[in-house]
Amino acid sequence: MAKVSAVNKNLKRVHLVAKYAEKRAALKAAAKDPNLSFDEQFVARLKLAKLPRNSAKVRIRNRCQVTGRPRGYHRKFKMSRVSLRHLASNGYLPGVVKSSW
């Protein structure tokens, strides 16, 4: 089980990303727009820099929904390899079978 504080910190980042997504997208578009003057682009970049750092989508860490483990994450199941193996072995994941050859 991961530290509760680390999981909560990541949840806070997820909420910040959702809160600032539209504003961040608009400022990025303005900063890259070739039709705007250099000064207007620069002002957009300054406003973008003033936003909270944790509002960037890159800051979110993929974590296991069951345990909160940050490593060995499978996107399809939103679980770590450890939880995935445990639940699949016990038959709790429909359609997942252990391979053998």
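Structural data are supplied above this passage.
Quick look at the structure, then. (Residues numbered from 1 in each chain as written. Predicted model: local features only at pLDDT ≥ 70, side-chain atom pairs only at ≥ 80, totals over all residues. Heavy atoms only, no water.)

**Looking at the layout of surface pockets**
Item 1. Taken as a whole, the largest pocket encloses approximately 260 Å³ of empty space.
Item 2. Contributing to the lining of the largest pocket are H74, F77, R81, L84, R85, A88, S89, V96, V97, K98 and S99.
Item 3. Across the lining of the largest pocket, the residue classes break down as 5 nonpolar, 3 polar and 3 charged.
Item 4. Quantified by volume, the second largest pocket comes out at close to 210 Å³.
Item 5. Residue lining of the second largest pocket: V7, N10, L11, V14, I60, R61, N62, R63, C64, Q65, G68 and Y73, and that is the complete set.
Item 6. Per-class residue counts for the lining of the second largest pocket are 6 nonpolar, 4 polar and 2 charged. (1 Å grid on protein atoms, 1.4 Å probe; cavity = no way out; pocket = protein on both sides within 12 Å on 5 of 7 lines; lining within 4 Å. Points joined across faces, edges and corners; volume = space filled by probe spheres on them. Nonpolar A, V, L, I, M, F, W, Y, C, P; charged D, E, K, R; others polar.)

**Regarding the packing of aromatic side chains**
Item 1. Applying the stated rule across the entire model yields 1 aromatic pair.
Item 2. Look at F38 and F42: their rings are 6.5 Å apart centre to centre, the planes differ by 20°, and that puts the pair in the stacked class. Of this pair, F38 and F42 are both found in helix α2 (residues 38-50), 4 residues apart, which corresponds to roughly one turn of the helix.
Item 3. The class for F38 is exposed, based on a relative accessible area of 62%.
Item 4. F42 sits in the partly exposed class, given a relative accessible area of 45%. (Phe/Tyr/Trp six-rings, centres within 6.5 Å; stacked < 30°, edge-to-face > 60°. Helix = DSSP H or I, 4+ residues; strand = E, 2+ residues; numbered from the N terminus. Buried < 20%, exposed > 50% of the residue type's maximum accessible area, 1.4 Å probe, protein only.)

**As for the environment of A49**
Item 1. Mapped onto the fold, A49 is located in helix α2.
Item 2. A49 sits in the exposed class, given a relative accessible area of 61%.
Item 3. Here the alpha-carbon distance between A49 and V97, two residues 48 residues apart in the chain, equals 48 Å.

**Considering α2**
Item 1. Compared with an ideal rise of 1.5 Å per residue, which puts 13 residues at 18 Å, α2 spans 19 Å between its outermost C-alpha atoms and is within 8% of the ideal.
Item 2. Listed as buried for α2 are Q41, A44 and L48. Here the buried residues of α2 occupy an arc of 60° about the axis, which is enough to place them on one side. Projecting away from the buried face of α2 at angles above 90 degrees are the exposed residues F38, D39, A49 and K50.
Item 3. The inward-facing, buried residues of α2 abut α1 (4-32). (Expected span 1.5 Å × (residues − 1). Arc of directions from axis to C-beta. Contact = heavy atoms within 4.5 Å.)

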